[in-house]
Amino acid sequence: MFNGLEQGIIDQPTYDRTVRRFGEMNCRLPKWSELAHPSSIDTGLQQRLEQIDPDSPVTENLFRVHWYNGLDRKQRETVPGHLVLPPALTGCDATIIVALGYRFPMIRAHKVLAAYGCLAPRLITGQFDIDRQRAVWPSTGNYCRGGVAISKILGCRSTAVLPEGMSRERFEWLEDWVIDKNDIIRTPGSESNVKEIYDTCNELEKDPDNVILNQFSEFGNYIVHRAVTGPALETIFSAVNKDGNLTPRCYVAASGSGGTLAAGDYLKQALGTRTGVVEALECPTLLYNGYGEHNIQGIGDKHVPLIHNVFNTDFVIGIPDAASDGLNLLFNTTGGQSYLTTEKQFDPTLINSLRHLGLSAIANILASIKLAKYLGLGAADAVLTVATDGAELYTTELEKPSTYIQDNQLPITCLSSINEVANVSSIWGITPGSNNKTSALRRLTAAEIHNSGIT
Ligand SMILES: Cc1ncc(COP(=O)(O)O)c(C=O)c1O
């Protein structure tokens, strides 16, 4: 039997201990159906929630592990937070709709939903001994933060296993949340060094008190996204399509564990969309059976996860990490924002909301644009996608040398990708010798552009 597909209690005494413990804590677990349709959450609890900090480790916050959190992440909305990107920005006629994951509690990313989706089935089937066992959360960052948050709330011991090269923001968060600093295990490498994480897990698993919650093979991850993320996207589409003029054509999501993609199976049935999976071009596992390093943090782990329903996936879309890096810079620097608002005349509110797009969200949007162009979609067509997290988790990325700075040479265009796919035609660059993109981003002079050979 695969983990997460059990239908009944596997170990009654363990289950009974869990029930007793949750009874003492006065803790009830939210049902998938409540997370899919949070309006069904008890009104008393909902009122209590309004007084509770969404980032505090309290059991009530389990009832915020859904897409309907409001702008302040405290109130609940009737439609999940989303962006509708105008053709002037994307350069394609189709309407690109992005569900916003930064509103999820505790970790500001929807991976807390996957973590709950993996641990809850273990708890309710008696497959996790809350008194004795430790939940081990292998990931490149967001899933293990979600796991640590859910474990802490439920009084379970937990360990995060992640590569040492992941963003400083992730480690700072983990250090605040773990009970003991030794509960963070740093493995060699960075984003695409998933094998090293699992080598460590194989060692940890020799101790039966360590339960490895492998998001790549836990069907709870698939099911929770199909049952919760799918309907949330359907609600967003209905709200955007209130005039009934749009046809939903595609759902696009990058694959890390393949969990988010499961929403595509729901949407295919509910709305008739086709599903596109996004990969980093530098790690084109599905496209070319290839692998490599990239910086679209959270995705592309050199293998096809067990829970990725490849039989229901219609397109594979490669996006270079220079594209997401470059747009992260454009969207999150004063220079980039003023270019978009002053020179390109985009609505400042729209440009301000682009900070809710993390690196993989940008890649998802670029892939949606690419797919819309490939399919020749028009103004009456919509593509749905997700922003797993926001740019706030990547501020230190703006200080790093980028993949598109070669030998510290000018000029490098950070807009090469958007030039290609999104119709923005200005060239920006980095001051020679500077590794700090935030201060160095500026418009290149005509002479610099000429000397560079960029046309
Ligand atoms: C930032 C980010 N984007 C995308 C993904 C991929 O999501 P999934 O694992 O559901 O495929 C992850 C997964 O950890 C992530 O952290």
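Attention here is on the structure that accompanies the text. (Residues numbered from 1 in each chain as written. Predicted model: local features only at pLDDT ≥ 70, side-chain atom pairs only at ≥ 80, totals over all residues.)

**Re the site of the ligand**
Line of reasoning, step 1. The ligand sits among 20 residues. The nearest are Gly256, Ser257, Gly259, Gly298 and Ser360.
Line of reasoning, step 2. Secondary-structure elements contributing two or more residues to the shell around the ligand are helix H5 (111-124) and helix H6 (142-154).
Line of reasoning, step 3. Here the residues of the shell around the ligand are counted per class, giving four nonpolar, 14 polar and two charged.
Line of reasoning, step 4. Three or more residues apiece are contributed to the shell around the ligand by two domains, here domain 1 (12-75 + 106-219) and domain 2 (82-104 + 222-399). (Near = placed C-beta within 6 Å. Helix = DSSP H or I, 4+ residues; strand = E, 2+ residues; numbered from the N terminus. Nonpolar A, V, L, I, M, F, W, Y, C, P; charged D, E, K, R; others polar. Domains from an automatic or database assignment.)

**Quick look at the sheet that holds strand E3 (residues 134-138)**
Each strand in a sheet pairs with its neighbour through backbone hydrogen bonds, running either in the same direction (parallel) or in the opposite one (antiparallel).
Line of reasoning, step 1. On the basis of which strands lie adjacent, the open sheet formed by four strands has the order E5-E4-E3-E6 and parallel pairing. Strands with a single pairing partner mark the edges of an open sheet, and in this sheet they are strand E5 (184-187) and strand E6 (210-212). This sheet shows a mean twist of 25° between the axes of neighbouring strands, independent of strand direction.
Line of reasoning, step 2. Sitting on the sheet, H6 is in contact with E3 and strand E4 (157-163), with an inclination near 170° to E4.
Line of reasoning, step 3. Those strands touched by helix H8 (residues 194-204) are E3, E4, E5 and E6, and its axis lies near 150° from that of E4. (Pairing = 2+ DSSP bridges. Axes fitted to C-alpha atoms, helices over the stretch in contact; angles between N-to-C directions. Contact = placed C-beta atoms within 7 Å.)

**Points about the nonpolar core**
Line of reasoning, step 1. Counting 115 residues, the largest nonpolar core has Val98, Val112, Tyr116, Leu119, Trp137 and Val278 as the members making the most contacts within it.
Line of reasoning, step 2. With ten residues, the single largest contributor to this core is helix H15 (residues 359-375).
Line of reasoning, step 3. Inspection of this core shows a minimum of three residues originating in each of domain 1 (12-75 + 106-219) and domain 2 (82-104 + 222-399).
Line of reasoning, step 4. When residues no more than four places from it in sequence are discounted, the contact partners of Tyr116 are Leu62, Val65, Ile150 and Val224. (Core = buried A, V, L, I, M, F, W, Y, C linked by C-beta atoms within 7 Å. Buried ≥ 20, exposed ≤ 12 C-beta atoms within 10 Å, placed from the backbone.)

**Overview of the pairing of E5**
Line of reasoning, step 1. Relative to E5, E4 runs parallel, the two being bridged by four bridges. Considered in E5, the bridge of Pro163 is made with Thr187.
Line of reasoning, step 2. Each parallel crossover has a hand, and for E4 linked through helix H7 (residues 168-177) to E5 it is right-handed. (Right-handed = clockwise from strand over helix to strand, strands pointing away.)

**Details of the pairing of E4**
Line of reasoning, step 1. Of all seven residues in E4, six are buried; the element is thus mostly enclosed.
Line of reasoning, step 2. Here five bridges tie E3 to E4, and the two strands are oriented parallel to one another. For Ala135, the partnering residue across the bridge sits in E4 and is Ser158.
Line of reasoning, step 3. For the handedness criterion, the β-α-β arrangement of E3, H6 and E4 is classed as right-handed.

**Some points on H15**
Line of reasoning, step 1. Counted at 1.5 Å a residue, the expected span for H15 with its 17 residues is 24 Å, and the 24 Å between its end C-alpha atoms agrees.
Line of reasoning, step 2. Of all 17 residues making up H15, 14 are buried, and the element is well covered by its neighbours.
Line of reasoning, step 3. Following H15 by one or two positions, Gly376 has its phi on the positive side, about 65°. (Expected span 1.5 Å × (residues − 1).)

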